[in-house]
Amino acid sequence: MPLLAVPIFPLPDVTLFPRTLLPLHIFEARYRAMVSDALARDRRICMVRLRPGYEAGYAGKPDVFGVGGLGEIVSCERLVTGRYDLVLRGAARVRIMREHPSDTLYRMIVGERIEDVAPVTDVSPLIDRLRASCRTLLDILGRPADFLDAVFADAQAPGAIADRIASGVIPGPDVRQELLEIAEVDLRLNRLAIALDALLDQLRRGKSSP
């Protein structure tokens, strides 16, 4: 599989999943330069999550997780201040192979795309479990019951369902990173189902508290 060289945008608790959208407001000078350069090239940026303890070395090159989300800039507005409002559309998981030396203010990496590993067995029971959990979640939160129906539409691939639910529902950054790193679709669906069960238990306990 061919490698790709892309800039990385390291942030503490932000995860970009394939097939999802992520709005960003870019204000720091080095990342404004990153956006400008990306727009002039192929519009691609890789979002990577900073590892805990990054604060101590943030001025340099703090450690990041080894898997990030490759995104394409699908809309961008440059403000009068020089800052950017943009939207990234997740394109793929990317495993960072090495840091790519460059003379830019921002960081570049060489990485490889991580393709979904298709399920070897029927995952319909897992999809049904996720659908039921999401309906329960919406009921607890007082949201419309059909709020997530488009995610479970007939034409949606199982991997896409997992990524969209993980992006829109799962709040914990550690679990989100774990889900990003799972290429096997059946394992990703199962881990997501467990995470949703834990989230529902937490919400039920909070609702029953005086």
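Let us look at the structure shown here. (Residues numbered from 1 in each chain as written. Predicted model: local features only at pLDDT ≥ 70, side-chain atom pairs only at ≥ 80, totals over all residues. Heavy atoms only, no water.)

Points about the nonpolar core
Part 1 of the argument: Counting 31 residues, the largest nonpolar core has L148, F152, I165, L189 and L192 as its most contacted members.
Part 2 of the argument: Broken down by secondary-structure element, the contributors of at least two residues to this core are α2 (124–141), α3 (158–169), α4 (173–180) and α5 (185–208).
Part 3 of the argument: In terms of residue count, α5 provides more of this core than any other element does, eight residues in total.
Part 4 of the argument: Setting aside its immediate chain neighbours within four residues, L189 contacts V123, L126, I127, L130, P158 and A162.
Part 5 of the argument: Core analysis: the next-biggest nonpolar cluster, separate from the first, contains 18 residues, F9, I26, A38 and I45 among them. (Core = buried A, V, L, I, M, F, W, Y, C linked by side-chain atoms within 4.5 Å. Buried < 20%, exposed > 50% of the residue type's maximum accessible area, 1.4 Å probe, protein only. Helix = DSSP H or I, 4+ residues; strand = E, 2+ residues; numbered from the N terminus. Contact = heavy atoms within 4.5 Å.)

Describing the side chain of R188
Part 1 of the argument: Among the structural elements, R188 can be located in helix α5.
Part 2 of the argument: Classification of R188 as buried rests on a relative accessible area of 1%.
Part 3 of the argument: Residues in contact with R188, not counting those within four places in the same chain, are R93, D116, G159, A162, D163, L179, I182 and A183.

Notes on the pairing of strand β3 (residues 44–49)
Part 1 of the argument: Taking burial as the measure, the six residues of β3 include five buried ones, the bulk of the element.
Part 2 of the argument: Both strand β1 (residues 4–11) and β3 contribute to a ladder of four bridges, which runs parallel. Each residue of the ladder has a partner; that of I8, found in β3, is C46. (Pairing = 2+ DSSP bridges.)

Remarks on the pattern of salt bridges
Where side chains of opposite charge bring their charged atoms close, a pairing between them can arise.
Part 1 of the argument: Throughout the structure, instances matching the rule amount to 19 salt bridges.
Part 2 of the argument: Ionic pairing is found between R44 and D42, a salt bridge with its closest N-O pair at 3.0 Å.
Part 3 of the argument: Overall, D42 belongs to the partly exposed group, its relative accessible area being 34%.
Part 4 of the argument: The partner of R107 in a salt bridge is E99, and the shortest N-O contact between them spans 2.8 Å.
Part 5 of the argument: Residue E99 is classed as partly exposed on the basis of its relative accessible area of 30%.
Part 6 of the argument: By sharing partners, the salt bridges in this structure join R19, R93, D116, D163 and R188 into a single network. (Salt bridge = Lys/Arg side-chain N within 4 Å of Asp/Glu carboxyl O.)

Notes on the pairing of strand β2 (residues 21–26)
Part 1 of the argument: Every second residue of β2 is oriented toward a common face, the buried set being L22, L24 and I26 and the non-buried set L21, P23 and H25.
Part 2 of the argument: For β2 and strand β5 (residues 84–100), the ladder comprises six bridges, and the chain directions are antiparallel. Looking across to β5, one finds that L21 is bridged to R89.

Examining the state of the cysteines
Part 1 of the argument: One pass over the full model with this rule turns up zero disulfides.
Part 2 of the argument: No disulfide involves C46; its nearest neighbouring cysteine sulfur is the one of C76, lying 18 Å away. (Disulfide = S-S within 2.5 Å.)

Some details on the packing of aromatic side chains
Part 1 of the argument: Under the definition given, this model contains one aromatic pair.
Part 2 of the argument: Positioned over the ring face of F65 is R51, at 4.3 Å from the centre of the ring.
Part 3 of the argument: The residue whose ring lies beneath R143 is F147, and the NZ or CZ to ring-centre distance is 5.5 Å. (Phe/Tyr/Trp six-rings, centres within 6.5 Å; stacked < 30°, edge-to-face > 60°. Lys NZ or Arg CZ within 6 Å of the ring centre and 35° of its normal.)

What to know about α3
Part 1 of the argument: Given a rise of 1.5 Å per residue, 12 residues ought to cover 16 Å, and the 16 Å separating the end C-alpha atoms of α3 matches this to within 8%.
Part 2 of the argument: Considered for burial, the residues of α3 that qualify are G159, A160, I161, A162, D163, I165, A166 and V169. (Expected span 1.5 Å × (residues − 1).)

Thoughts on α4
Part 1 of the argument: All of the buried residues in α4 are R176, Q177, L179 and L180. For α4, the angular spread of buried residues about the axis comes to 160°, placing them on one side. (Arc of directions from axis to C-beta.)

Examining the side chain of T20
Part 1 of the argument: Relative to the helices and strands, T20 resides in the loop between β1 and β2.
Part 2 of the argument: Dropping the residues within four chain positions of it, T20 is found in contact with L88, R89, G90, D163, R164 and S167.

Some remarks on unusual backbone geometry
Part 1 of the argument: Phi is positive for R19, close to 70°, though the residue is something other than glycine.
Part 2 of the argument: Examined against the element boundaries, R19 turns out to sit in the loop between β1 and β2.
Part 3 of the argument: For R43, which is not a glycine, the phi torsion comes out positive at approximately 70°.
Part 4 of the argument: Mapping R43 onto the fold places it in the loop between α1 (29–40) and β3.

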